[in-house]
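Breakdown of the fold
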Amino acid sequence: MPRRKSTPVKTVGLKSATGSLALLVGTRKGAFILRGDKSRRAWKLAGPIHLGGIVHHMVMDSRDRHTILMAARTGHLGPTIFQSTDRGRSWKEASKPPAFSKAPEGEKGLVLDHNFWLSPGHPSEPGVWYAGSSPPGLFRSEDGGITWEGVAGFNKHPMRSTWVGALGEPPGGATLHSIMIDPRDSGHIYMCLSGGGVFESTNQGADWRPLNKGLLSDFLPIPDAEYGHDAHCMRLHPLLPERLYQQNHCGIYRMDRAEGVWVNIGNKLPKAVSDHSFPIVLHPRDPETVWVFPLDGSFPLGRVSPGGKPATYITRDGGKSWQRQDKGLPQRQGWFTVKRQAMTVDAHDPVGVYFGTTGGEVWASRDEGEAWTCLASHLPEIYSVEAAEF
Amino acid sequence: MKVYIPTPLRSYTGRKSEVEAIGSTLEELLSDLDRRYPGFRFRVITEQDQIREHIKVFINQEQALTLTVPLQPNDEVQVICAISGG
């Protein structure tokens, strides 16, 4: 691939938001919406929506600011997607939800277990959405989420089963996630495979290539493997699309496409803090500012706040240094776990940062992580939190 | 013929526990149910035309294992979800 220049999309940062805000909360037992006022001080919890359903992701279309898609299933029934065009007040089920192609007679075909990730498409393609699934599959809708087709360029790629199966099947199933569209080019798409790594397409999904150079994966037999890495979450900065950040199983990384190599920035975290985490979120106007939520990465799979002392860590210099943020969070016996879709930011000034825990609490900071307050508790296990600016 | 609908699927049938549908095979019956109640089929049958893992279909109290099972107009069909919780 030709090297791309590291040029910001806009030289002046995105204008900060001033309107009302909602947090879309997906849980193991349904979805909830936390509606905030303009000051972000008063919040009202609505729901449950689709009570009893497993909601892996709920996302607002930032292009029209009223359509919301929700990826849902129950323990018994097949997966589906619901659409709301009135900001979550009423819902309509997809008439043709994502599904793999039927296999030829005598062959074993893939069966979609759940839709895991939802991403609106490029601003030049209103109504286009992408969904990532478990087992890993990529799907596209062109009508706002009512009908879906598989992206054959990935789902039928001759290397798909090799890329997907590099690490074997983890508990809960391997997933396709972190689908991101280059704001300069609707055909340039990134996505991640849990147990496969980062991949990109420059022809709207018709073909894919791994993008994992520089990643450490101490569990792989080949030190500089082309794929097989465990990408937990990746973000592209909307104002500087040449800049990628990734929370990986083996650390936190930054890539500037002109360099084409992932650079470990998690090793700048304090030694006592794990660089293992699931979510990673970016400041909407400053490509140098990033938040992570460190979890105990040691075996046997702690995946809770190290030492029972939850904190976010922020870098304001692209990962050269990190600062701890724990004011307002439990100072002891706080064994939080935050999943990869369960941390988000708003576009206000100062930026609001939010996360949801598997213990059913939603936490918020109105000042870029300096101080935290609990917005909601006693919810079911939280799978996702997304900010929706109205 | 009469089709018994389990609780998790009654959001599709207007909360009805029993509905009428037609078909000379289970496949046709499910297609008719999907016409009447859009989305119904994919919730119980996979894209590989297999009955989902936690669903069972009984015809006159005998379990159907494939969609090619023939049906008669007076047959009674029961769609059952596995019992689970937590």
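Think of each chain on its own: its residues are numbered from 1, step by step along the sequence as written. Lettering of chains starts at A and numbering of ligands starts at 1, both following the order in which they are written. This being a predicted model, a pLDDT of at least 70 is required before a residue's local features are given, and a value of 80 or more before pairs of side-chain atoms are given or counted; all residues contribute to the totals for chains, interfaces and linings. Side-chain measures were taken over the full set of non-hydrogen atoms in the model, leaving aside hydrogen atoms and water.

Now for the overall build of chain A. What chain A contains, in helices and strands, is two helices and 27 strands. What you see for chain A is a C-alpha radius of gyration of 19 Å, in line with the 21 Å of a compact globule of 390 residues. Expressed along its principal axes, the backbone C-alpha trace of chain A runs to roughly 60 × 50 × 45 Å. Buried positions account for 58% of the 390 residues belonging to chain A. Distance from the positive charge centre (44 side chains) to the negative charge centre (39 side chains) of chain A: 3 Å. The way it works is that DSSP assigns letters per residue, a run of H or I at least four long becomes a helix, a run of E at least two long becomes a strand, and they are numbered from the N terminus. This radius of gyration counts C-alpha atoms alone. The globule rule is 2.2 Å times how many residues there are, raised to the power 0.38. Partly exposed residues are those whose accessible area sits between 20% and 50% of the maximum for their type, while under 20% is buried and over 50% is exposed, using a 1.4 Å probe and protein chains only. Think of it this way: Lys and Arg go in the positive column, Asp and Glu in the negative one, and His and the chain ends go nowhere. We put the charge of a Lys on NZ, of an Arg on CZ, of an Asp on CG and of a Glu on CD.

Residues and elements named next belong to chain A. Taken across its six residues, strand E17 (residues 251-256) has six buried, putting it largely inside the fold. With burial as the criterion, each face of E17 is covered, one bearing Gly 251, Tyr 253 and Met 255 and the other bearing Ile 252, Arg 254 and Asp 256. Here strand E16 (residues 240-248) folds back onto E17 in antiparallel fashion, the turn holding two residues. Strand direction decides the pairing type here: E17 and strand E18 (residues 263-264), joined by two bridges, are antiparallel. Two strands qualify as a pair provided that DSSP identifies no fewer than 2 bridges between them.

This brings us to the packing of aromatic side chains. Any Phe, Tyr or Trp ring, taking Trp's six-membered ring, that has another such ring centre within 6.5 Å forms a pair; planes under 30 degrees apart are called stacked, those over 60 apart edge-to-face, and the others tilted. According to the stated counting rule, one finds nine aromatic pairs over all chains in the structure shown. Centroid distance Phe 100 of chain A to Phe 139 of chain A: 5.4 Å. Interplanar angle 65 degrees. Geometry classified as edge-to-face. Placement of Phe 100 of chain A in the loop between strand E7 (92-93) and strand E8 (114-120) and of Phe 139 of chain A in strand E10 (residues 138-141) is noted, with a sequence separation of 39 residues between them. Take Phe 100 of chain A and Phe 139 of chain A: they sit in the same class, and that class is buried. Each residue in the set Phe 293, Phe 336, Phe 355, Trp 363 and Trp 372 of chain A is aromatic and connected to the rest through ring pairs, giving one cluster. Two thresholds decide whether a charge sits over a ring: the Lys NZ or Arg CZ must be within 6 Å of the ring centre and within 35 degrees of the ring normal. Here the basic side chain of Arg 52 of chain B rests over the ring of Phe 42 of chain B, its NZ or CZ set 4.7 Å away from the ring centre.

On to the interface of chain A and chain B, then. By definition, residues are in contact when any of their heavy atoms lie within 4.5 Å. Taken residue by residue, the interface counts 22 residues in chain A and 18 residues in chain B. Accessible area that two parts lose when put together, with a 1.4 Å probe and added across both, is what the buried area reports. Of all residues in chain A, His 76, Leu 77 and Lys 102 of chain A give up the largest surface area on contact with chain B, accounting jointly for 43% of the area buried on that side. Put simply, a salt bridge is a Lys or Arg side-chain nitrogen that is within 4 Å of an Asp or Glu carboxyl oxygen. Our enumeration of links across chain A and chain B arrives at two salt bridges.

Within helix H1 (residues 26-36) of chain B, burial applies to Leu 26, Leu 29, Leu 30, Asp 32 and Leu 33 of chain B. Summarising the axial view, the buried residues of H1 of chain B lie within an arc of 160 degrees, below the 170-degree limit, and thus occupy one face. Note: the arc covers the axis-to-C-beta directions of the helix.

Bringing the pattern of salt bridges into the picture now. Overall, the coordinates contain 23 salt bridges over all chains when judged by the stated rule. The residue Glu 242 of chain A makes a salt bridge to Arg 184 of chain A at a minimum N-O spacing of 2.7 Å. Taken together, the positions of Glu 242 of chain A in strand E16 and Arg 184 of chain A in the loop between strand E12 (176-181) and strand E13 (189-201) put the pair 58 residues apart, joining distant regions of the chain. The residue Asp 49 of chain B makes a salt bridge to Arg 41 of chain B at a minimum N-O spacing of 3.1 Å. Using a relative accessible area of 17% as the deciding quantity, one classes Arg 41 of chain B as buried.

All names here are of chain A. As for its placement among the helices and strands, Leu 176 is situated in strand E12. Linking Leu 176 and Val 164, residues twelve residues apart in sequence, is a C-alpha distance of 9.0 Å. With residues up to four places along the chain from it excluded, the contact list for Leu 176 reads Phe 116, Trp 117, Gly 132, Ser 133, Pro 136, Gly 137, Leu 138, Phe 154, Met 191, Cys 192 and Leu 193.

Attention shifts here to the sheet that holds strand E1 (residues 2-4) of chain B. Residues and elements named next belong to chain B. Pairing is mixed across the open sheet formed by five strands, whose spatial order is E2-E1-E5-E3-E4. Lying at the two open borders of the sheet, with one neighbouring strand each, are strand E2 (18-20) and strand E4 (62-64). Each neighbouring strand pair of the sheet contributes to a mean axis angle of 30 degrees, computed without reference to strand direction. In this analysis, axes come from line fits to C-alpha atoms, helices being fitted only over the stretch in contact, and the angle between any two N-to-C directions falls in the range 0 to 180 degrees.

Moving on, we get to the environment of Trp 117 of chain A. All names here are of chain A. Within the secondary structure, Trp 117 is located in strand E8. Residue classification places Trp 117 among the buried residues on the basis of a relative accessible area of 3%. Sequence separation of Trp 117 and Leu 77 is 40 residues, and the distance between their C-alpha atoms is 19 Å. Beyond its immediate chain neighbours, meaning those up to four positions away, Trp 117 contacts His 57, Tyr 130, Ala 131, Gly 132, Leu 176, His 177, Ser 178, Ile 179, Cys 233, Arg 235 and Gln 341.

So, on to the confidence of the model for chain B. Residue-level confidence of the predictor is summarised by pLDDT, bounded by 0 at the bottom and 100 at the top. Looking at chain B, pLDDT values average 94 and 97% of them are 70 or higher. Interface predicted TM-score (ipTM) for the complex: 0.90; the corresponding pTM is 0.93.

Let us now look at the side chain of Arg 43 of chain B. With respect to the helices, strands and loops of the structure, Arg 43 of chain B is situated in helix H2 (residues 40-44). Classification of Arg 43 of chain B by relative accessible area gives buried; the value is 2%. When near neighbours in sequence (up to four residues on either side) are disregarded, Arg 43 of chain B contacts Arg 73, Thr 74, Leu 77, Gly 78, Thr 80 and Glu 93 of chain A together with Leu 9, Tyr 12 and Arg 52 of chain B.

Residue and element names in this part refer to chain A. Spatially, E8-E9-E10-E11 is the arrangement adopted by the four strands of the open sheet, whose pairing is antiparallel. Only two strands of the sheet have a single partner each, and these edge strands are E8 and strand E11 (149-150). Strand direction decides the pairing type here: strand E9 (residues 129-134) and E10, joined by four bridges, are antiparallel. When the sheet's bridge partners are listed, Tyr 130 is paired in E10 with Arg 140.

Further remarks concern unusual backbone geometry. Cis peptide bonds are those with omega within 30 degrees of zero, and the linkage from Ser 134 of chain A to Pro 135 of chain A qualifies with -5 degrees. Looking at where Pro 135 of chain A falls in the secondary structure, it is placed in the loop between E9 and E10. The omega torsion of the bond from Asp 349 of chain A to Pro 350 of chain A falls at 0 degrees, within 30 degrees of zero and hence cis. Position of Pro 350 of chain A among the secondary structure elements: in the loop between strand E23 (343-345) and strand E24 (353-356). Positive phi values are uncommon outside glycine, yet Gln 333 of chain A reaches one of about 50 degrees. In this structure, Gln 333 of chain A sits in the loop between strand E22 (323-325) and E23. The class for Gln 333 of chain A is exposed, based on a relative accessible area of 54%. Even without a glycine there, the phi angle at Asp 49 of chain B is positive, about 60 degrees. Exposure remark for Asp 49 of chain B: the relative accessible area of 29% places this residue in the partly exposed category.

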